[in-house]
Amino acid sequence: MVRRIAAFALLVAIGSGGLVMSTPAPGRAEVEVNFVFAPIAPPVAPVEVIGIAPRPGYIWIGGHYVWRGRWVWVPGYWGRPPVGYAVWVPGHWDRRPGGWIWVEGHWRR
């Protein structure tokens, strides 16, 4: 879920399906906030069979669960690093008060 909100006006109300955020006040600076909240822990990830890379230089990006009112598995895939980057730092679900929040994966130099 992506929302544009005023940095000072973030109101998060934890409910069964995710979170609620306020809208920006007219004329205020905006920032983009992108986070997904799940009320229950993700299941244990299944074992993925990793084949041979399609080309040299590709890196395996492991699958992960996403919260869509229930847990849904997104399978892994082969990805090509952007120029100057070589390591994939996997995303993960982080325990927070009242549930779990998704921390996005990213490329690192």
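So, on to the overall build of the protein. Helix and strand counts for the protein stand at 0 helices and 11 strands. Starting at the N terminus and walking to the C terminus, you meet the elements of the protein as β-β-β-β-β-β-β-β-β-β-β. The 109 residues of the protein split such that 25% are buried. Once local pairs closer than 6 in sequence are excluded, the contacts in the protein between residues at least 24 apart make up 44%. On the protein, roughly 7600 Å² of surface is accessible, and the fraction owed to carbon and sulfur atoms is 60%.

The relative placement of two aromatic rings is captured by the distance of their centres and the angle of their planes. Within the structure shown, the criterion is met by 7 aromatic pairs. In textbook terms, an aromatic cluster arises when at least three aromatic residues are bridged by ring pairs, as seen for Y65, W67, W71, W73, W93 and W102. Just above the ring of Y85 sits the side chain of R109; from NZ or CZ to the centre is 4.3 Å.

Attention now goes to the pairing of strand 6 (residues 71–74). With 4 bridges joining them, strand 5 (residues 64–67) and strand 6 adopt antiparallel strand pairing. When the sheet's bridge partners are listed, V66 is paired in strand 6 with V72. Here strand 5 folds back onto strand 6 in antiparallel fashion, the turn holding 3 residues, of which G69 has a positive phi close to 80 degrees.

Attention now moves to the nonpolar core. Of all hydrophobic cores here, the largest spans 7 residues; its members are A38, Y65, W67, W71, W93, W100 and W102. Elements represented by at least two residues in this core include exactly strand 5 and strand 10 (99–103). With residues up to four places along the chain from it excluded, the contact list for W71 reads A38, I40, A41, P42, P43, Y65, V66 and W93.

In the structure shown here, the tally under the stated rule is 1 salt bridge. Among the ionic pairs, R96 bridges to D94, the shortest N-O distance being 3.0 Å.

With that settled, the discussion passes to the sheet that holds strand 10. In space, the 3 strands of this open sheet follow the order 3-10-9, with antiparallel pairing throughout. Every other strand in the sheet has two partners, leaving strand 3 (37–38) and strand 9 (92–96) as the edge strands with one partner each. The pairing of strand 3 with strand 10 spans 2 bridges and is antiparallel. Paired with F37 across the bridge in strand 10 is I101.

Let us now look at the environment of G57. With respect to the secondary-structure elements, G57 resides in the loop between strand 3 and strand 4 (59–61). Once the C-alpha coordinates of G57 and G79 are considered, the two residues, 22 residues apart in sequence, prove to be 8.8 Å apart.

It is worth spelling out the confidence of the model for the protein at this point. Looking at the protein as a whole, its pLDDT mean stands at 78, while 69% of the residues score no less than 70. Per-element confidence in the protein ranges from a low mean pLDDT of 35 for strand 1 (residues 2–6) to a high of 97 for strand 6. Taken together, the stretch residues 1–23 has pLDDT below 50 and engages in 56 contacts with residues farther than four places along the chain or on a different chain.

What counts, and at which threshold
Residues numbered from 1 in each chain as written. Predicted model: local features only at pLDDT ≥ 70, side-chain atom pairs only at ≥ 80, totals over all residues. Heavy atoms only, no water. Helix = DSSP H or I, 4+ residues; strand = E, 2+ residues; numbered from the N terminus. Buried < 20%, exposed > 50% of the residue type's maximum accessible area, 1.4 Å probe, protein only. Contact = heavy atoms within 4.5 Å. Areas by Shrake-Rupley, 256 points an atom, 1.4 Å probe, with all protein chains shown as cover. Phe/Tyr/Trp six-rings, centres within 6.5 Å; stacked < 30°, edge-to-face > 60°. Lys NZ or Arg CZ within 6 Å of the ring centre and 35° of its normal. Pairing = 2+ DSSP bridges. Core = buried A, V, L, I, M, F, W, Y, C linked by side-chain atoms within 4.5 Å. Salt bridge = Lys/Arg side-chain N within 4 Å of Asp/Glu carboxyl O. pLDDT = per-residue confidence, 0-100.

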